[in-house]
Protein chains: 2
Amino acid sequence: MNDDAMDLRARNKQATREAISHAALRLAIEQGPHGLALVRVHDIATAAGVSPRTYNNYFSSREEAICSFQADQSRRAGEALRSRPAAEPLHQAVIAAVIELYTNPEPDKAGLRMIMSTPELEGEALKAFTMAEGPLAEAIATRTGTDPGRDLFPAVTAAAVAGAIRVAGRHWLVPGNTESFATILRRALSCVVPAAPPDDAQDR
Amino acid sequence: MNDDAMDLRARNKQATREAISHAALRLAIEQGPHGLALVRVHDIATAAGVSPRTYNNYFSSREEAICSFQADQSRRAGEALRSRPAAEPLHQAVIAAVIELYTNPEPDKAGLRMIMSTPELEGEALKAFTMAEGPLAEAIATRTGTDPGRDLFPAVTAAAVAGAIRVAGRHWLVPGNTESFATILRRALSCVVPAAPPDDAQDR
DNA sequence: ACCCGACTTTGCGTGCCGCGCACTATGTGC
DNA sequence: GCACATAGTGCGCGGCACGCAAAGTCGGGT
């Protein structure tokens, strides 16, 4: 993003990280959802042009490396919502932010399929999606003027949004589906995001 | 549950499974969220009165063993919703079912804290909660007469409910909180469960 | 009451992995 | 150009998941 803001050293570090993560995902996709056990750490490291020891200076498991991209994306969710105009009603802002974040660029279907339909990756994939919740809850709280310490609304809504994104992803991956991801996302999100927090959200 | 319906052999198997799972959780709690690495497979097996090799005939990781109880509970979510009277509106039925499932008996705070606030357990814990979604979505689809193949509403709602339960759990665990889990659950769920699917849920 | 067959538990061996430690290489700021 | 901070690497250890085959255990049929 803002490479200039980073130390040259930090930029190299970031580059290695991405090289490893990218290599891991690529190799995983090559083996498919049922051959993940065949992706050896040594292969990932070699493909990334790095020693195996260095690989796990960055990631402490194959799963983490493979899902790293997804996790990074989730971390940006809060920022995405904050960048929406303040006047926009909550549900519109959330939907627009999520669609912007998840369809620009159009996600890699093979990658998403890999991380969402490989049992050994399931836990890490869920962690990746869940990472969006914290920042999202913060942003929602700011936008609705609620106190995240007392009101459950921001956190619950954030969790619901993350869940909707997951479900939309699953639906997008079903064979023969021709809808765009954006369309599915919009449909999924409108099932859970209200226009405003209910008046009784902060009741005792 | 219905022990009589099971072969004696199956009952023993179930008993060993529970012994291992229970021992694993107990040892994990003893070490606390930051000492999980000290819980060796050998210890779990010994505490359960079983050989290490047998332990991983049942579970393929410590995490899985520790969270097994939570996973089992999640599996019952669909059944819990189905057992509500058909006349009850969706949101009431869901809230009642979830509260019944998660507060009878009152959950073990130490256990929940362990599985929800230990980073190494996070993935498995999320998997455990997510297991409620499939059955829940089925039950919601049945109750609302929607087709889970085309409509996103059942799956999205199920995911939102699971998310709300997680958030409620987190909130219940914050130090100094005196509310009952049932109260928090009710508040969290009412943020996401509508009385009925929106009319446009099955559009397109 | 007994035995045969099915199932469970266990011991052993193997390959892989995560990580601590110490050393080297690289490039950064003075 | 030099000294220092930081990233990359080689080595070794402890632990774990799991395949395989032997031993133990239990249940049902006669």
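Note on numbering: residues in each chain are counted from 1, in written sequence order. Chain A is the first chain written and ligand 1 is the first ligand written, with later ones labelled in order. In view of the model being predicted, local features appear only for residues whose pLDDT reaches at least 70, and side-chain atom pairs are presented and counted only at 80 or more, with totals across whole chains, interfaces and linings using the full set of residues. The side-chain values count all of the structure's non-hydrogen atoms but skip hydrogen atoms and water molecules.

Re the overall build of chain A
When helices and strands are counted, chain A shows eleven helices and zero strands. Along chain A, from the amino end to the carboxyl end, the secondary structure elements read α-α-α-α-α-α-α-α-α-α-α. Its C-alpha atoms give chain A a radius of gyration of 19 Å, within 12% of the compact-globule value 17 Å for 204 residues. Expressed as lengths along the three principal axes of its C-alpha atoms, the size of chain A is roughly 55 × 45 × 30 Å. Each residue's exposure class comes from its accessible area (1.4 Å probe, protein chains only) as a fraction of the maximum for that residue type: buried when under 20%, exposed when over 50%, partly exposed otherwise. Counting across all 204 residues of chain A, residues that qualify as buried make up 47%. Pairs at least 24 residues apart make up 69% of the contacts formed inside chain A by residues separated by at least 6 positions. Counting only carbon and sulfur atoms, one obtains 51% of the accessible surface of chain A, whose full area is about 10,000 Å². Labels follow the DSSP assignment, with helices taken as runs of H or I lasting at least four residues and strands as runs of E lasting at least two, numbered in each case from the N terminus. Using C-alpha atoms as the atom set, the radius of gyration is obtained and then compared with a globule rule of 2.2 Å times the number of residues to the power 0.38. Any two residues whose heavy atoms approach within 4.5 Å at even a single point are treated as in contact. Using a 1.4 Å probe, the Shrake-Rupley method yields the accessible areas, and only the shown protein chains count as cover for residues.

Concerning the protein's contact with DNA strand C
In the vicinity of DNA strand C lie 19 residues, with A:Arg53, A:Ser60, B:Thr54, B:Asn57 and B:Tyr58 positioned nearest. Counting residues per element, the ones that place at least two in the surface near DNA strand C are helix 1 (8-31) and helix 3 (52-58) of chain A together with helix 1 (8-31) and helix 3 (52-58) of chain B. It is helix 3 of chain B that contributes the most residues to the surface near DNA strand C, four residues altogether. Lys, Arg, Asp and Glu make up the charged group, whereas Ala, Val, Leu, Ile, Met, Phe, Trp, Tyr, Cys and Pro make up the nonpolar group; the residues left over, Gly among them, are polar. Looking at the surface near DNA strand C, its residues break down into five nonpolar, seven polar and seven charged. Throughout, the term near means that a residue has one or more heavy atoms lying within 4 Å of the molecule or strand in question.

Brief notes about the protein's contact with DNA strand D
Residues in contact with DNA strand D amount to 19 residues; listed here are only the nearest, A:Ser51, A:Thr54, A:Asn57, A:Tyr58 and B:Arg53. Here DNA strand D approaches the protein such that, of its atoms within 4 Å, sugar and phosphate make up 59%. Definition of a polar contact: a pair of N or O atoms within 3.5 Å, with one able to donate and the other able to accept a hydrogen when the atoms are protein atoms, and with sequence-neighbouring residues admitted only if both atoms are side-chain atoms. Here A:Thr54 contributes a side-chain N or O atom positioned 2.7 Å from a phosphate oxygen of DNA strand D. Looking at the surface near DNA strand D, the elements that each hand over two or more residues are helix 1 and helix 3 of chain A together with helix 1 and helix 3 of chain B. The biggest single contributor to the surface near DNA strand D is helix 3 of chain A, with four residues. In the surface near DNA strand D, the residues fall into five nonpolar, seven polar and seven charged.

Some remarks on the packing of helix 7 (residues 109-116) of chain A against helix 8 (residues 119-130) of chain A
Residue and element names in this part refer to chain A. For helices, the axis comes from a line fit to the C-alpha atoms of the stretch in contact; other axes are also lines fit to C-alpha atoms, and the angle between any two N-to-C directions lies between 0 and 180 degrees. As a packed pair, helix 7 and helix 8 sit with axes 8 Å apart at the nearest point and diverge in direction by 115°. Classed by the angle they form, the pair helix 7 and helix 8 counts as roughly perpendicular. Of the residues in helix 8, those in contact with Leu112, Met114, Ile115 and Met116 of helix 7 are Leu121, Ala125 and Phe129. Tallied by class, residues from the contact of helix 7 with helix 8 come to seven nonpolar, no polar and no charged. By the definition adopted for this analysis, an angle is roughly parallel if under 35 degrees, roughly antiparallel if over 145, roughly perpendicular if from 65 to 115, and oblique otherwise.

Focus: the interface of chain B and chain A
On the chain A side, the residues contacting the 31 residues of chain B number 29 residues. Here the buried area means the combined drop in accessible surface, using a 1.4 Å probe, for two parts upon being joined, counting both sides. Summing both partners gives a buried area of about 2,700 Å² for chain B against chain A, and 66% of it is carried by carbon and sulfur. On the chain B side of the interface with chain A, the three residues burying the most area are B:Leu152, B:Arg187 and B:Cys191, jointly 24% of the side's total. Definition used for salt bridges: Asp or Glu carboxyl oxygen within 4 Å of a side-chain nitrogen of Lys or Arg. With a shortest N-O distance of 2.5 Å, A:Arg166 and B:Glu133 are connected by a salt bridge. Inspection of the region where chain B meets chain A yields four residue pairs in polar contact (both at pLDDT 80 or more). When contributions to the side of chain B that touches chain A are tallied by element, the ones reaching two or more residues are helix 8 (119-130), helix 10 (153-173) and helix 11 (181-190) of chain B. It is helix 10 of chain B that provides the largest number of residues to the side of chain B that touches chain A, a total of eleven residues.

Quick look at the domain arrangement of chain A
Interface size, as often reported, equals the accessible area lost upon joining of the parts. Residue and element names in this part refer to chain A. An automatic or database domain assignment supplies the residue ranges for each domain. Examined at the domain level, chain A breaks down into domain 1 (3-66) and domain 2 (68-202). Measuring from the centre of the C-alpha atoms in domain 1 to the corresponding centre in domain 2 gives 26 Å. Taken residue by residue, the interface counts twelve residues in domain 1 and twelve residues in domain 2. When domain 1 packs against domain 2, the two sides together hide about 1,100 Å² of surface, and 68% of this comes from carbon and sulfur.

A word on the UniProt feature "domain: HTH tetR-type" (unreviewed entry) in chain A
Taken from the UniProt record, the annotation "domain: HTH tetR-type" (unreviewed entry) applies to residues 14-77 of chain A. Between the C-alpha atoms that bound residues 14-77 of chain A there is a distance of 20 Å. The span itself is 73% helix and 0% strand. UniProt positions are given in the numbering used here, feature names are shortened, and annotations may be inferred rather than shown by experiment.

Re the relation of the copies chain B and chain A
At an RMSD of 0.0 Å, chain B and chain A line up after a rotation of 180° and a shift of 0.0 Å along the axis. This pairing of chains is accounted for by a two-fold axis. What sets the superposition is a least-squares fit of C-alpha atoms, and only residues with pLDDT of at least 70 in both copies go into it.

So, helix 8 of chain A
All names here are of chain A. Expected helix span is computed as 1.5 Å times (number of residues minus one). If you check helix 8, its first and last C-alpha atoms are 17 Å apart, about what twelve residues at 1.5 Å a residue would give, namely 16 Å. Within helix 8, nine of the twelve residues are buried, leaving the element largely enclosed by the surrounding structure. For helix 8, the full list of buried residues reads Leu121, Gly123, Glu124, Ala125, Leu126, Lys127, Ala128, Phe129 and Thr130.

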